[in-house]
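# Topology and contacts: notes
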Amino acid sequence: MGHVNTAHQRQAEIFAHGLSGELDKTRQGNNLHRTYLIAAPKFLGLLRNSLSTTLLAGEINKDLVNHNIKDIRSQLPTHL
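This report concerns the structure included in the present document. None of the values given here were measured: they were computed from a predicted structure.

Two side chains that carry opposite charge are able to pair once their charged atoms sit near each other. Summed over all chains, the structure comprises three salt bridges. Measuring nitrogen to oxygen at the nearest pair gives 3.4 Å for the salt bridge that ties R10 to E13. Placement of both R10 and E13 in helix α1 (residues 2-28) is noted, with a separation of three residues, approximately one turn of the helix. Classification of R10 as partly exposed rests on a relative accessible area of 47%.

Attention now goes to the nonpolar core. Counting residues in each nonpolar core, the largest one holds 10 residues, listed as A12, A16, L23, L37, A39, F43, L44, L46, L47 and L51. Those elements that place two or more of their residues in this core are α1, β1 (36-39) and α2 (41-50). Looking at this core element by element, the count peaks at four residues for α2.

This paragraph deals with the pairing of strand β2 (residues 58-61). Across the two faces of β2 the burial differs, with G58 and I60 buried and E59 and N61 not buried at all. Relative to β2, β1 runs parallel, the two being bridged by four bridges. Looking across to β2, one finds that I38 is bridged to I60.

With that settled, consider the environment of D24. Here D24 is to be found in helix α1. With 27 residues separating them in the primary sequence, D24 and L51 have C-alpha atoms 7.9 Å apart.

Cut-offs and rules
Numbers given for residues are sequential positions, taken from 1 along each chain in its written order. pLDDT decides what is reported in this predicted model: residues at 70 or higher carry local features, side-chain atom pairs at 80 or more are listed and counted, and totals for whole chains, interfaces and linings draw on all residues regardless. Think of the side-chain values as coming from all heavy atoms in the structure, minus any hydrogens and water. By convention in these notes, a salt bridge is any Lys or Arg side-chain nitrogen within 4 Å of a carboxyl oxygen on Asp or Glu. Each helix is a run of H or I in the DSSP string that is no shorter than four residues. Each strand is a run of E no shorter than two, and both are numbered from the N terminus. Residue exposure (1.4 Å probe, protein chains only): buried if accessible area is under 20% of the type maximum, exposed if over 50%, otherwise partly exposed. Take the buried Ala, Val, Leu, Ile, Met, Phe, Trp, Tyr and Cys residues and link them wherever side-chain atoms come within 4.5 Å; each set so joined is a nonpolar core. At least two DSSP bridges between two strands are required for those strands to pair.

Below is the structure:
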């Protein structure tokens, strides 16, 4: 069973690294001005380890995958 968890962890690391690369690329193209990350605490930690120069305006360490847009929006600053 440990092998399954290791494979799952590795896939999450690969995804976090790819996502951080896309965020950097978008930011460098001046298409990203403020970034707020919302992710489950464990995945947010992986993202933090993968982010290079992307400046975050904020982060929310909650798993909101199964929440509706109203619930998710309520977690973000009102000025967005």
